[in-house]
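The primary structure of each chain is shown beneath.
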There are 2 protein chains.
Amino acid sequence: MAKKLFVGVDIGGTNIKSALVENGKIKKKRKLPTKANLGPERVIVQIKSAIKPFITKAAGIGIGIAGIIDSQKGIVRFSPNLSEWHNIKLVKALKKEFNKPVRIINDVNAICLGEWQYGAAKGYKNVFLFTLGTGVGGAAICEGVPLFGANGFSGEFGHSVIKFNGPKCSCGNYGCLERYVGAKYIVANAKRKMRKKITSLKNYKKLTPHIIAQEAKKGDKVSKEVFTEIGFYIGIGVSNIIALFDPDVVIISGGVSRAGRILFEPIRKTVRKRVLGAEHRNYKIIPGKLGDDAGVLGAVYFASGLTSR
Amino acid sequence: MAKKLFVGVDIGGTNIKSALVENGKIKKKRKLPTKANLGPERVIVQIKSAIKPFITKAAGIGIGIAGIIDSQKGIVRFSPNLSEWHNIKLVKALKKEFNKPVRIINDVNAICLGEWQYGAAKGYKNVFLFTLGTGVGGAAICEGVPLFGANGFSGEFGHSVIKFNGPKCSCGNYGCLERYVGAKYIVANAKRKMRKKITSLKNYKKLTPHIIAQEAKKGDKVSKEVFTEIGFYIGIGVSNIIALFDPDVVIISGGVSRAGRILFEPIRKTVRKRVLGAEHRNYKIIPGKLGDDAGVLGAVYFASGLTSR
């Protein structure tokens, strides 16, 4: 374990979270708007502001960021939630500013490292974690080793195909899991159902997965149906993960996962029905434990050099 | 590397292949019919006969066998190609007979270890191998470590779903890749097309993927179409593998893979179109190199204790 202090940063499409971390514990934290639509230069200004208050005491900086991240070269190849981010040399920019070691990692890989070292996946050798939100991400620990892959692009759970002739996804592929269970598709699904059925969802001007989950818990049938369907689709995706990775534990994190039982039950049911040899396998499907802190903790774990890459 | 002699065994639905192996090289080999339909007791007699001629010089026995294999307990939980194999204590039976160390491993995991140590995947850290035949199997090396998974059941590529509402698979699930590209479905696909179109396939009483591939190479359009479609389905599966594992190399082995270019081209084309960030990834999709020997070599590598499990 790193005894030194590090700055951890988690760059999302909406907010940048930063923290001063010591030994897997958060000492202080901060949250700033990302201003993603203003382009890379402006976002980098925000990132610097997020780091600045903590940097004097820190031995280095670890950053989790969504997208195709080249950790070894320190380059953000492409980030779907940040406008105009293509081949941005983020590590170089921050080293120049702060003159301290900087490492970047895919945000979901960071969350997975966090939950594996300090949270819900602690002690397990084979872990698959995915995040449910605007996008659907994934990351794996295989035989006790974090999986980055040949190019550092492993774990793209949201863009694994569950229906080869399904609807077109924003990534260009067809029938990706994210096309069924990304936040906006959950809302679209609810709206489709609202047109035909009696539902308390009609009281809302702007729907979100959170509102739909709340109404489901209050007993709204349509809202429950939405989560049963979402759970089915995710269950198909998780069945594939279990068939391929055979993990001890599948961690479901991210905003949408807070729906709880109404989501987890249809997922578990689908997996029991669908996965090869389910009755002979030990596996768990559980929520994350660290919430919003997983990303900064994992980014620091990565930056402190405790992983192989 | 193991300098000792080992017996390697590869138990298939049709034949049992065995070999005396030293230092990754086959000294002598043998092939016997499996007699799978006669039940476990009779098959075990065949396995013993396959081992016997090589056993005196050997330090141990490594066995690759299809199905859900519990390597740690030495039990074959279930084997789809061997009739009535449920919870068969194969290691115990063979230790009793030969009084030497015995290890069993899933056949595709064995083939993957073989190709990784001695064949097409040599030197790579992230590998996914799959086999195309009666069934479709898979196995992975992640960050230089063979992936067995929490229960030893990882890599079930054939039973990953590519269409959640697709046709029912023999495993009970729906829309599994194997349901589209297993040998008998390739033949069924060809027969469907034969009814409607002019094709040289009509000259054959009994079709096999091998015959269809041969006719495709001779210029038969329908046969080519069959492999283009098969390649598309496999390409979808491989796209999912690349999205999830991000391997340096995807090895395609097994009988059907011998079709060569007519199969590999549509696979590669589909992957280029479908996989997230294809243009930023380095990956190769290539055939295996060791042919029928991969399984016995990998089983010996496993039995010689060079892997962690």
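All figures in this text were calculated on a predicted structure; none of them were measured in a lab. (Residues numbered from 1 in each chain as written. Chains lettered and ligands numbered in written order. Predicted model: local features only at pLDDT ≥ 70, side-chain atom pairs only at ≥ 80, totals over all residues.)

## Comments concerning the sheet that holds strand 6 (residues 75–78) of chain B
Residues and elements named next belong to chain B. Strand order in the open sheet made by the 3 strands is 5-6-7, with antiparallel pairing throughout. Of all the strands in the sheet, just strand 5 (68–70) and strand 7 (86–88) have a single pairing partner and so form its edges. Going from strand to strand, the sheet's axes swing by 20° on average, the running direction of each strand aside. Taken together, the 2 bridges between strand 6 and strand 7 define a ladder with antiparallel strand orientation. (Pairing = 2+ DSSP bridges. Helix = DSSP H or I, 4+ residues; strand = E, 2+ residues; numbered from the N terminus. Axes fitted to C-alpha atoms, helices over the stretch in contact; angles between N-to-C directions.)

## Here we look at the confidence of the model for chain A
Here chain A averages 94 in pLDDT, and 98% of its residues register 70 or above. This complex was scored by the predictor with a pTM of 0.93 and an ipTM of 0.92. (pLDDT = per-residue confidence, 0-100.)

## Notes on unusual backbone geometry
All names here are of chain A. A positive phi angle, near 50°, is found at Glu143, a position not held by glycine. Tracing the backbone through its elements, the reader meets Glu143 in the loop between strand 10 (136–142) and strand 11 (145–147). Looking at Glu143, the number of C-beta atoms within 10 Å reads 21, which means it is buried. (Buried ≥ 20, exposed ≤ 12 C-beta atoms within 10 Å, placed from the backbone.)

## Some points on the pairing of strand 9 (residues 127–132) of chain B
Residues and elements named next belong to chain B. Burial analysis of strand 9 places 6 of its 6 residues in the buried class, which makes it a mostly covered element. Along strand 9, one buried face is formed by Val127, Leu129 and Thr131 and the opposite face, lined by Phe128, Phe130 and Leu132, is buried too. Note: strand 9 against strand 10 (residues 136–142), 6 bridges, orientation antiparallel. Across the sheet, Leu132 pairs through a bridge with Val136, a residue of strand 10. Between strand 9 and strand 10, which pair antiparallel in sequence order, lie 3 residues. In this structure, strand 9 lies alongside strand 12 (residues 249–253), joined through 5 bridges in parallel fashion. Opposite Val127, over in strand 12, you have Val249 as the bridge partner.

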